[in-house]
Structures are given as C-alpha cells and as structure tokens.
Amino acid sequence: MEALVENSDEEKEEMEGKHKYTDDRTCLSNMSNTDDVEKTMGDKSLPMMSNLSDLMTKEIQEAEEPPLFLEKKRFMVYICGGYKDSVEERAALMENVYPLLYLYCKQRGYDFSMVDLRCSVRNPFSEHHDTVQLHVESLQRCQGTLGPNFFLFVGQKHEVQSLPSSLSKKTFEAILTVLEKEWVQMSKGKLVDEFSESGSQSSIATESSTGSFVHESIYGNYLNFGDEVTSSGLLSQGSFSSGSDGEEARLSPVGVRSLEDVEQDQTVLQMWYKLDENCIPPIYRLLPISFHLPGMLSVDRQDRKEARKDWRDTCQRLGAVLQHSAMEALGQEEASVLLRTVLDWEVETGLQTVAQAPPEDHCHCYKRVIPDLFYNLKNKHATHYADLLKGQAKLDPVLKTAQQRFMDRIHKKLRHTNIYERSVSWGRNGLDPKNNRSHQFYTERICSHVQRTIISSLNRVIKIPKIEGTFDVVRREVVRAQIHEEIQRHIDHGRHLWRKCTLRQAFLDDVQKTVEHSSCRPVLLLGPPGWGKSTVMAALAELAPTWIPGDVKVFIHFVGFTGESRNIRLVLQSLCVQLVEAYCPQTQLSEGFPQLVNEFYSLLGYVGAERPLVVLLDGLDELSEEHGSDLSWISTALPPHVHIILSATTDSACTQTLQTAHPIILSLPPLSVTEITAFLEAKLRADRRRLQEQQWQVLVQACESCPSPLYLEAAYGESLHWTSYSLQSSLSLPVSLEGLYLGLLTRLERDLGRQLVRRASTVISISLWGVTEEEMLHLLSKDEKVLQEVTSAHPAPSSSPRRVPYVLWVRLKRNLGLHLSEVYTDGTWVYRWTHSELGRVCIKNYFRTKASAMALHADYADYYRSKSQNAHIFQPLAWTLNEEEDGSGMAKIYRFNLRKLRGLPYHLVHSGQIIPFLTECLFNYEFLLHKVWGLSVLDIEEDLKKAVLPDKELVDVEVMSKTLGLSRIVLQQDPCQLASQLVGRLGQMIMEDRPLARGDPLKFRYLHALLAQCVHSSLPVLLPSSTCLLPPRDLQHTLLAGHLNTVTALGGGQSGVLAVTCEANGSLKFWDLEQRRIIKDLDPAGGFVGDSLNLGLEDQMVIVRMGHCLQVRDVESGNVVYSESDSIDVPILTTTCDGRLLVVFYDGTPLVKVFDLASSCSLLHSIKISMEHEPIHKDSSLLLSSNSIQDYVLFAYRFVSVHCHSVLSMLRSLLLVGEADIRLRLQVIVFHVKLTP
C-alpha cells in the first residue's frame, strides 16, 4: 500500500480521535491522453522534472495538453495550506462552499472542481517521493482553466521541508567531497563544530536578493547548475513537530560531530542515493522507501509502523547531511533549493502570470493570526499551529524567521488587496469550529468571502447563450450546437494522432493506391487490437485531400472516443449534419435511425466531382448495443466521388457483418524490426534517456515478439521504470499485450494497494462511457475491502467519515499515465481507458464471476439513486436556474444531468434489476419527462427494448412503445407534451383495466402508476379528461424519411415489400418497406418529374407519368426503354399478367394501348374499345384499378345521361403465344352496375 507516513504525534491524535476526515468532493483532471497508440513528451512538466525525477510517473509528463476549447466549460480551484495548521479552513470550504459552487456552475452549464490534495492527509510522505510533482502538476492543470484558480491559507507554522528526489551527478559528488574532506580532517584528530545558532538560521532561510522563492521562477537555481535537484521526497513533519513525548525533533543536532557521525553521513547518503546512468546526463536518485524498508508496503500494521519510524530517522539524517554539506559545496543560495517545502513549490507556481493575467486576477491568500497563541504554547495542540523548540514551550526562532520571510515573499509577489488577514482567538483544542462558536463564526466568514470572491470572478467569464424562437427551434439549435462540439472533438483527436504518426508509411502508400482506384466499394482496414488503426485513420484524414482531385471534404469519426460516438444513431446524425452543411444547407433532418440511414444516402447524391467526399469511421467494433450495432446500411454500391474507409478489429462481430458489403479489405501488417528500432531510439532521444545493453535487448526482443504499436508504446512506458542499477531479475516484459497489462496492474497493486487498484480499474471498465471523479470517489468509498485496506495503511479517528483520500486517486491516475484518458461526454468530464483492451483485461482478471460484475453495476446504480443530503446538488435529474427575462417575468433554464439519465437505466439493466428499471425509469413520469426533454424520445424507445423479463411478457412495455411511436413527432417538437400524450392516448384504456373478480391482477401493472404521476407533473400541463388521441392498436404507422425535396408520386411494387417515390427534381427512390430503407436511387431522365408511378415485370420496370407524357425505365440500369410525349389525353396506367403487360388508357377516350414489358416495352396493340355508353371526353373521367387478376383489368368511366351515371367495366386482355406470332384479343365485359357520381 502506498504509504503516507504519520509521525508519532499524529498516531497519538488518531488514537484520541481528534482528527476528522472531511468530505472530499474534488475534481482534479488528468492531462488528456487521447492516443491509443503513440504518445510524445509534453511541454507542461517542470524543467526541474526533466531528468525523470520520478520514474513511476513518467507517463504523465508525456501527456499532451488537450485543445483549449475543451477547457472552456470547466473551472478548477486549487486549495493549499499547511498539512496541519489549515485543516479547519480547508475542511470548511470542502463541506460548505464546494457544493454550492458546484451547483452554481452546473446551473449555468459549467463544471466546477475544488482540488485539495491535503484533504484527509496529515503528512506528505509517499513511496516514490512524488508529492511535489503531484501538487505542482495539479495546480498547473487548474491554471489551464478560466477564473480564479489558486487559494492559499497560511498561519504561523512553517511547512514541512522536502528531500530532493534526485541530484545531478555534479551536485551529489560535490556534497560527497565535502563529507570526505571532513572525514580526512577528523581522521587527523581535529573536531569539527556544528553550525552556530545564527548559521543554522541562515541555512534554513531561502530568501534571495530578488525576493523570489527560488530566483524569480519556480525552477530557481536548477537553471544555474544544470538541473541539479528535484524536490519531491519529504522530511517528516515530525522532524519539526513534537513527538509523542512533546519534544521537538530538530533538523540538525547542535553539538560536536565525531568521526563516526561523518562516516554514518557518508553511508546514509550513498545508501539512499544511487547513480542512474540511464538518464542523460546521469543523476543520483532517491530510492523508493521500500527499497531499504520493505515494511513500508507490508500488510502488517506493526511492520509499517516500524518502517515509518525508521524512515523518519532517515529523513532527519539525510536532511542534516544535505543542509550541512551543501552550504560548503554549493553556496547558500544554491543549497537553499535542496530543502524546500511543498507549499514553497505551490506558491511559486501559483503566483505566476497565467495567460498574460497577473496573479491578482486568479490568486488569493488568507492569512490567519492567533494573537494569544504565544500564551498557550504548553497546550498539546500548539504544535499544530506553531514551531516549538525541542522539549520547550518556546517558538523555534529559526522556523519562525523562515515563516516570516515566506510571508514577506508572498507580499512581494501578490498585491495586498488579494491578501486577507483574519484573527481568531485560541481555543482549548486549538481551532475547533464544531465546538467553539467563535471559531465557527471565523470559518463561516472565510467560507462566505471565498464563495463571493469565486462567484464574482466566475460571473465575468460565464456566458449563457440565448436562442430566440419557438421551443422546437430552440431545441434543434441546442442539439446542433452539441453535435458541432462533438465533431470538433473528433477533428482535434485526429490531428492529435496525426502529429505523432511515424509508423506505417508503406501501408499508407497501399491505402492510397486502393482509394484512387476504388470509388464504388468501401475500404475496410483490419487488424488485431492495438495495431494502430486509429492512427492510420487519422493519417488518412490528413492525406486523402492530396490523393483525390477537387475540394475534398473529409468526415472522420472515432467510435468509442466519446460516449456519444458509441451510439450508431448519433454517429449517423453527426455525419448527416456535416453533409447538410457541406452540400445541402437548410435541410431539416430526422432523428430516428432508419430515417437517418435514408437521409444519409440521399445526401450522398449531392456529392459531385468538384467536391468529393471521404468518410472515415474508425473502430466500428466499439459500437454499443443500441440498434444492435446495425451496420447493414453500409452499402456496396457507393455514389460516384464518395469514398468510405472503415476500420475494425479482426474477427470481431462487426467485421463479419461488414463482409456482406463486399468491401476492399486491407490488413495492417506487423511492425518491422526497422520500425521498432527507429521508434524506440526516437523516444529515448526525446526523453533524454539511454538503456543498458542488456535492457535494450530485452525491450527490443519483447517488441519483436508482439510487433504492434500499442504494445510498443506500453513496453517503452514500462522501460521508463528501469534504472541503470535495476536488478537483472526485474527486467522482464511479457510477450503479449494482455501479459503486459497484467504486469502493469501487479505493479500498481504493489505500490498503491490491491483492493484500491482492483476497484478503480473495474469501475472504469464497466462504466457507461467513462467515470467522473465524483463517481469514482464515491464508489471507492463504498467498497468495504478498499476502506479496510486504506484505513489499515492510513488510520483515521473513529469519529471521522470513512473515505478514500483523494490524493490516492490522483496518484493512481498519474501512475496509469498514457493508459487513462479524460474526455468530455454527457456534458461533463469522464475518465476512460485509452484503449479498450485494458478494460477487457481488467474485467477478465478481476471479475471471476458474473455476479461480481453485477454487484458493481448495482453499486453504480445506487449512486445515481442516492437520497443523501446533497443528492439534489450532485445527482438531480436536472439543474434548474431561474433567470429574469426582459419584461416577461422569470424563466426557468434546465441543465439536464445526462450522466444520470443515461447511466441509471444502463446499470440497473446490467445489474439484473429489471423491476427497479421499470418502476424508476420506464414508468416514472419525472424521469421520462427529463429524458425526453434532455435527450430524445428515441432514447426512451431504446431503453424500452432492454426491458426483458425471462418467461414473462411485459404488456405495459409493448403498449408504452406503441404509444411513444404514435407521439414521436409531437414529443420531438415539444417534450413537455408527454403527460398530455400519455393521458390522451391511454386514459380510457387504463380506466377500463379493472379486475374481473376480487384478487385478479390488473392487465397493466405499471401504466396505472405512470398516469397517476402525470397529474402531479413538475411542469404545468394540460391533461385531457378522456381519451382524445388515437390509442395504440395493432395497426401502427411507419415514417419513411430520406427525401430532401417534395414527394410528387408514390407507387407500390408487385412483391408488396417494395415501393417507389419520385421527388420534385425527378429522382426516383426505391424502398424496402420491411427495413424502411432506400435500396436504390435513379437520377432524373429527360426532365421527367412523375405525378404517377407504377412498377411492372416483377418490379424490374418503373413506369413514370408526367402530365400527358409517359416514360418507362429499367430499374437496374436506369435506362429509358420507352418514352411517349405526343398524347393529347392524360395516360392512365396499370399492369396485368403478373406485371408483364402494361395497359394504358387515355382519360376520356376509348383508346387503349398494351405494351409487353418483357420485350423492351414493345407495343402489342392499340385499339379503341367499344363501350355501352359514350364516355365523357374530359379529364378525370376514367378510373383504373392498379391491381389485376390474371388478365382482367377493372376500370370505370363516366358517360353522358340524364343523371350523369358511371359504368364499372372490365377489360380482359388475353395474351396467346403461338409458334410464329403473338396475337391479342380484347374483350369488353360490361357490368350493369350504375355508380352515382
């Protein structure tokens, strides 16, 4: 378990139950690692860290800062102060201010995080000495957001100093030379006195002539003597605070040093600092604590306690050695950099100019003064607020002076208007707001002032866009804006991958040749997981415009990159929006999946040679279960100038589906030895590293055994933990990606604890589209095994709430490095695995049974269902804001909690809780109302398909599905009509649902409660008193969408599943009515815009009538086989003889023509039939049946008489086929049926 070492004073306090853990609700964002294959060195790490000062966390330095626009809707505030003397202020902020600011920002569409890495932590020890890096990187992350980002709380106690986690070779050898010189002098019989008291004081002071903490920048003198040191390892606060005996442990004992002391100093220095020649230039590293003290990671509490005590003694000894010898070896100013406090680093970083804004724009300091502290130094709590001399109730003058100089430097850096001094009196237990009214008033004043300060700054940044128009217009614009943001994220992700694309150059040449010679078939790239498909697709997005002539439009979509990108309906919607804006502006789009498929192919028809189109869909095997991950819409025959390039994992289910489209398949080859070697050498050069010969051979051989870019990157990441003094037995790399991931998890378990790593990794793996920090911290603290492991390593008072310290999650994120990414989805920031293969390994490794996975899903669902005190802040269905409109009163703005609206149904279903899923989601009116409003009625229909109970038919679900289908168009325009639609369609049905006898069950178990809830809607609604809308019945209508122009004609096919339509531009569309999809398009021919359509010859011929003109076209080729435009009268068409004969009547005349469609529409006969009565010669005087029986055609005509009757007649056309000729006999059979007009 990663150790946060307590000193004896802290252990005593924990036994007394004085310290209380606070509710840590923070959101610290990790640098976005979005590449699934390749990462490069970022520019955000401190120069002091450039020598890989912390091997365990090198990956985080490689993470590239995400695009700026991704940060625009998030505010992050960093809170810092002493580990002991600012506990009350920081705890009050997290408990009282953070929830209110979180709510304030959520109501306005922004995320808010308050970062306190000291929460629930009493000292800064860590196994790998990475505390300073954690704090500084977290602060820099906060500085990347708008608004105030740094709040400092200081008192009268100096913060704990830190050991350098690495020293340059020059610095270490200079210090060692001083010790050797001292040993030589003492071996000659000389005694060396320790510093005088004044000298001791000056050695702790870090003031420079410039007034900077470290020479005007955070990097200080490292720039002067070559990155000589990195502050990270920490001296125990027990070195400066009272122990259990109440005595002060000083950094350096005052007295006479002996020869044995010098020898021990040399030994301890060389024992804990080892030369690492894998760095360029070589450096001396501070070894992990467990290297010499394995008890630090022991599961036995007594072993850990003894290891902590030994480490405290070691820290004091190392600190004394560095403080004494560095003065002579380096000089005072350079030596002062060696031992600095974490707070020094934070303040130096926080008080810098950020984005050309002075510190006053984003930094605030609260200085607390306890005037009567000096009269209470004998109090056992005094050491938490002041630095005392060893064994005396007196202030340490050295540390008091250091603290005063620290404050002086803050005043020089920060304007006095941003420094707020508050006085508070001493209490019996120090500062105790829970039991002391004046202290409570003090913390309330602090909280109120911080809240006002932050809100005032946020109001200058927050912008709430207003969209004018009706409800459906506003909703449509909001959805379109969200789609645009989603599109931009994929574009940025593609550019991010492209910048680091150094592999697969030969394969890209092969793809170019394929694209240039195959514009009618999709191209499918296949490869095993981790073979660099996403990077190749990103490269194609950049290179395709150079391969294809014209103004090429490129649409790229990385399935799985965000949550929305996993839903095939949303993917199609995004593509259609881009097509509309590029080729057909002002077109209104549908939202349903079948309709979007048709509109997608209709829009492809607008692509021309001057503006070709390339569509890239990456990772299709990552699609979620909605619509069955339907890929059947990917057609083989693409329109001209349209290129579709797909990628998927070899042997995945979607790959089998795509085979039906007969794509051109290109398989990614394994990496060559040359590519592997060149990549590793480039990475080593960029990171200023080298490997020993045997280490290099191990790395190269492992990469050759698994020649994939993902393995290559992950293996190189593991090699960053190798030092030149690493044991040969530890240099091993599994030759499979799964084995490498298992090794990663094992290492994290050893350092951070098995239960913590198990819980966190499985939460990420089973989450819907990722996990927020709020969700992660809650679910970690709900696992009893995790709490036992954490509290065993970090004991807490019984009165404190049991929570996982936030810093443990931050450290886990940092150690995961490139394997964990942060993306924006569902209106917030979530963490997900960079590559889904790690998630599959975690599930396989940690979930031994299906029940364990279901239990975690149940915990996740319980989080969303929580009824805690702050549930209305963190987990409402929507955050609402009352805003005053100009002259029209108050308007309520809704910001929907999409995480809950999507996550609750998902986790209830996957935990097997179908009944709660029905009662709390599908038949819960308020949940339905918010989901249909915040998302779409289509999302509810997708949820309804998941409601399945074994061996039980859910009638309510079927009726609900039909009802929403009837109300879909209305609810898409105005979701607030949900109650009216439900009651208007189901009211009578529910009223009639009564048991026939006492004890009989109702037919509908859930609909009764749903309609009862409609009466108590949170929105004002008009409810009908009875059924006034069409109720759901067996006959349901189906909406066919895909036309971009007015439909002028509709015709049915002979098979019954085919239909044909004509648009205002003359194009013809053929529909599969079962699948509700367009299966073929025919371009206009001869300017024909049909007003009547017929299909004949087994749907192989389409007959188009336009006014007095007639046209017959072959469906397969689109060729015109017959055309007639000289008719005076309007032709009226039908077919007979199973569609082989085309029979043409002419309105108002007895002329009939018969064509044989099987013989290229040859004219078989033209005859004027005799009728019983003289027909009226005018338009619309003839009615012709579109159906026929054998060779009978039914028609009716109007004739002149006293009463202007009509006659229903039948024409029989007999087709007799002889040996030499074809003869046609026409017989008129008149039925004496008079039809009144």
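Given the structure is predicted, the values throughout are model-derived calculations rather than measurements.

**Brief notes about the overall build of the chain**
Right, so step 1: On a plain count of helices and strands, the chain comes out with 37 helices and 37 strands.
Right, so step 2: By the burial criterion, 61% of the 1237 residues in the chain qualify as buried.
Right, so step 3: Considering only contacts within the chain whose residues lie at least 6 apart along the sequence, 72% involve residues at least 24 apart.
Right, so step 4: A total of about 49300 Å² of accessible surface is found on the chain, and carbon and sulfur atoms cover 52% of it.

**Focus: the packing of helix α25 (residues 773-781) against helix α29 (residues 850-864)**
Right, so step 1: Two elements in contact, α25 and α29, have axes separated by 10 Å at closest approach and are oriented at 120°. In the packing of α25 onto α29, the handedness of the crossing is right-handed. In contact with Glu 774, Glu 775, His 778 and Leu 779 of α25, α29 contributes Asp 859, Tyr 860, Tyr 863 and Tyr 864.
Right, so step 2: Classifying every residue of the contact of α25 with α29 by side-chain character gives 4 nonpolar, 1 polar and 3 charged.

**Topic: the sheet that holds strand β25 (residues 1077-1082)**
Right, so step 1: Overall, antiparallel pairing links the 4 strands, which are arranged β22-β23-β24-β25 in an open sheet. At either margin of the open sheet sits one strand with a lone partner, and together these are β22 (1047-1052) and β25. When strand polarity is set aside, the average angle formed by the axes of neighbouring strands in this sheet is 25°.
Right, so step 2: Bridge count for β22 against strand β23 (residues 1058-1063) is 5 bridges, and the pairing is antiparallel. Of the residues in β23, the one forming a bridge with Leu 1050 is Thr 1061.
Right, so step 3: Against the sheet, helix α18 (residues 593-604) engages β24 (1068-1072) and β25, with an angle of about 15° to β25.

**Quick look at the confidence of the model for the chain**
Right, so step 1: In this model, the chain carries a mean pLDDT of 82, and residues with pLDDT of at least 70 account for 83%.
Right, so step 2: Low pLDDT, under 50, characterises residues 1-71; the stretch is placed with 306 contacts to residues that sit more than four places away or in other chains.
Right, so step 3: Taken as a whole, residues 236-255 scores under 50 in pLDDT and shows 69 contacts with residues more than four places along the chain or in a different chain.

**Some details on helix α5 (residues 169-187)**
Right, so step 1: With 19 residues, α5 should reach 27 Å at 1.5 Å per residue; the first-to-last C-alpha distance of 26 Å fits that figure.
Right, so step 2: Within the span of α5, buried status applies to Thr 171, Phe 172, Ile 175, Leu 176, Val 178, Leu 179, Glu 182 and Met 186. Down the axis, α5 shows its buried residues gathered within 145° of arc, on one side only.

**Regarding the sheet that holds strand β32 (residues 1151-1156)**
Right, so step 1: Strand order across the open sheet formed by 4 strands is β30-β31-β32-β33, with antiparallel pairing between neighbours. Only two strands of the sheet have a single partner each, and these edge strands are β30 (1131-1136) and β33 (1162-1168). Going across the sheet, the axis of each strand differs from the next one's by a mean of 20°, ignoring polarity.
Right, so step 2: Strand direction decides the pairing type here: β30 and strand β31 (residues 1141-1146), joined by 6 bridges, are antiparallel.

**Concerning the pattern of salt bridges**
Right, so step 1: All told, the structure shown has 45 salt bridges when counted by the stated rule.
Right, so step 2: The closest approach of N and O atoms between Arg 899 and Asp 826, which form a salt bridge, is 3.8 Å. Of the two residues, Arg 899 sits in helix α31 (residues 898-910) while Asp 826 sits in the loop between β18 (820-825) and β19 (828-833), which places them 73 residues apart along the sequence.
Right, so step 3: Looking at Arg 899, the relative accessible area reads 6%, which means it is buried.
Right, so step 4: Relative accessible area serves as the criterion here: at 5%, Asp 826 is assigned to the buried category.
Right, so step 5: With its nearest N and O atoms 3.5 Å apart, the salt bridge here joins Lys 962 to Glu 958. Within this pair, Lys 962 and its partner Glu 958 are both found in helix α35 (residues 955-973), separated by 4 residues, close to a single helical turn.

**A look at the packing of aromatic side chains**
Right, so step 1: Summed over all chains, the structure comprises 25 aromatic pairs.
Right, so step 2: Plain terms: the ring middles of Phe 172 and Tyr 284 are 3.8 Å apart, the flat faces sit at 15° to each other, and that makes the pair stacked. Of this pair, Phe 172 sits in helix α5 while Tyr 284 sits in strand β9 (residues 283-286), placing them 112 residues apart in sequence. Of the two residues, Phe 172 and Tyr 284, both sit in the buried class.
Right, so step 3: On the basis of an interplanar angle of 80° and a centroid distance of 5.2 Å, the ring pair of Phe 600 and Tyr 601 is categorised as edge-to-face.

**Some details on the environment of Asn 418**
Right, so step 1: Mapped onto the elements, Asn 418 comes out in the loop between α12 (397-413) and β12 (419-423).
Right, so step 2: Taking the C-alpha atoms as reference, Asn 418 lies 6.2 Å from Cys 365; in sequence the two are 53 residues apart.
Right, so step 3: In this structure, Asn 418 is in contact with Glu 360, Cys 363, His 364 and Cys 365, ignoring residues within four places of it in sequence.
Right, so step 4: Side chain to side chain, Asn 418 and Thr 417 meet in a polar contact 3.2 Å long.

**Regarding the pairing of β30**
Right, so step 1: Across the 6 residues that make up β30, a large majority, 6, are buried.
Right, so step 2: Across the two faces of β30 the burial is the same, with Pro 1131, Leu 1133 and Thr 1135 and Ile 1132, Thr 1134 and Thr 1136 all buried.
Right, so step 3: Counting the residues that bridge the hairpin from β30 to β31 gives 4 residues, and of these Cys 1137 lies at a positive phi of roughly 55°.

**Some points on the environment of Ser 792**
Right, so step 1: Mapped onto the elements of the fold, Ser 792 is located in helix α26 (residues 784-793).
Right, so step 2: Assessed through its relative accessible area of 24%, Ser 792 is described here as partly exposed.
Right, so step 3: In this view, Ser 792 contacts Val 299, Arg 301 and Arg 304; residues no more than four positions away in its chain are not counted.

**Quick look at a negative patch on the surface**
Right, so step 1: Residues Asp 300, Asp 303, Glu 306 and Asp 310 make up a contiguous surface patch of negative charge.
Right, so step 2: Here Asp 300 lies in the loop between α8 (289-292) and α9 (301-330).

**Re the packing of helix α14 (residues 471-499) against helix α16 (residues 533-547)**
Between two packed helices, what matters for the description is the angle formed by their axes and the separation of those axes.
Right, so step 1: Interaxial distance between α14 and α16 falls to 8 Å at its minimum, and their mutual angle equals 100°. In terms of orientation, α14 lies roughly perpendicular with respect to α16. Contacts between α14 and α16 pair Gly 494, Arg 495, Leu 497 and Trp 498 from the former with Ser 534, Thr 535, Ala 538, Ala 539, Glu 542 and Leu 543 from the latter.
Right, so step 2: In terms of residue class, the contact of α14 with α16 is built from 5 nonpolar, 3 polar and 2 charged.

**Regarding helix α34 (residues 937-944)**
Right, so step 1: A large share of α34 lies buried, amounting to 8 of its 8 residues.
Right, so step 2: Considered for burial, the residues of α34 that qualify are Val 937, Leu 938, Asp 939, Ile 940, Glu 941, Glu 942, Asp 943 and Leu 944.
Right, so step 3: Tucked into the core, α34 has its buried residues touching α17 (568-583), α31, α32 (914-922), α33 (925-934) and α35.

**Quick notes on the pairing of β32**
Sheet faces and side chains relate simply in a regular strand, where the side chains alternate between the two faces.
Right, so step 1: The buried fraction of β32 amounts to 5 of the 6 residues, a majority that puts the element mostly inside the structure.
Right, so step 2: When β31 meets β32, the two strands line up antiparallel, connected through 5 bridges. The residue of β32 that forms the bridge with Val 1144 is Lys 1153.
Right, so step 3: Hairpin remark: β31 followed by β32, antiparallel, with 4 residues in the connecting loop; positive phi at Gly 1148, about 85°.
Right, so step 4: For β32 and β33, the ladder comprises 6 bridges, and the chain directions are antiparallel.

**A short note on unusual backbone geometry**
Right, so step 1: Note that the residue after Ile 280, namely Pro 281, is joined by a cis bond; omega there is -5°.
Right, so step 2: Here Pro 281 lies in the loop between β8 (273-276) and β9.

**Overview of the environment of Thr 655**
Right, so step 1: Topologically, Thr 655 is positioned in helix α19 (residues 653-658).
Right, so step 2: A C-alpha to C-alpha distance of 8.8 Å links Thr 655 and Leu 524, two positions 131 residues apart in sequence.
Right, so step 3: Discounting chain neighbours no more than four positions away, the residues touching Thr 655 are Leu 526, Ala 648 and Thr 649.
Right, so step 4: Of note is the side chain of Thr 655, whose polar atom sits 2.8 Å from the side chain of Ser 652.

**Structural notes on the side chain of Arg 899**
Right, so step 1: A distance of 2.9 Å separates a polar atom in the side chain of Arg 899 from a polar atom in the side chain of Glu 775.
Right, so step 2: Setting aside anything within four residues of it in sequence, one finds Arg 899 in contact with Leu 768, Trp 769, Gly 770, Val 771, Thr 772, Glu 775, Asp 826, Thr 828, Val 830, Tyr 860, Tyr 864 and Leu 904.

**Here we look at the side chain of Arg 1113**
Right, so step 1: In this fold, Arg 1113 is placed in strand β28 (residues 1109-1114).
Right, so step 2: Of the side chains with opposite charge, Asp 1083 lies nearest to the buried Arg 1113, which makes no salt bridge, at 7.2 Å.
Right, so step 3: Only 3.0 Å separates the side chain of Arg 1113 from the backbone oxygen of Asp 1083, close enough to count as a polar contact.
Right, so step 4: Of the polar contacts made by the side chain of Arg 1113, one reaches the backbone oxygen of Gly 1118; its length is 3.0 Å.

What counts, and at which threshold
Residues numbered from 1 in each chain as written. Predicted model: local features only at pLDDT ≥ 70, side-chain atom pairs only at ≥ 80, totals over all residues. Heavy atoms only, no water. Helix = DSSP H or I, 4+ residues; strand = E, 2+ residues; numbered from the N terminus. Buried < 20%, exposed > 50% of the residue type's maximum accessible area, 1.4 Å probe, protein only. Contact = heavy atoms within 4.5 Å. Areas by Shrake-Rupley, 256 points an atom, 1.4 Å probe, with all protein chains shown as cover. Axes fitted to C-alpha atoms, helices over the stretch in contact; angles between N-to-C directions. Left-handed = near helix turned anticlockwise from the far one by under 90°. Nonpolar A, V, L, I, M, F, W, Y, C, P; charged D, E, K, R; others polar. Pairing = 2+ DSSP bridges. pLDDT = per-residue confidence, 0-100. Expected span 1.5 Å × (residues − 1). Arc of directions from axis to C-beta. Salt bridge = Lys/Arg side-chain N within 4 Å of Asp/Glu carboxyl O. Phe/Tyr/Trp six-rings, centres within 6.5 Å; stacked < 30°, edge-to-face > 60°. Polar contact = N/O pair within 3.5 Å; in protein donor to acceptor, adjacent residues only side chain to side chain. Patch = residues over 30% accessible without salt bridge, like charges linked within 9 Å, V, L, I, M, F, W, Y side chains within 5 Å. Lys, Arg positive; Asp, Glu negative; His and termini not counted. Charge placed at Lys NZ, Arg CZ, Asp CG, Glu CD. Parallel < 35°, antiparallel > 145°, perpendicular 65-115°, else oblique.

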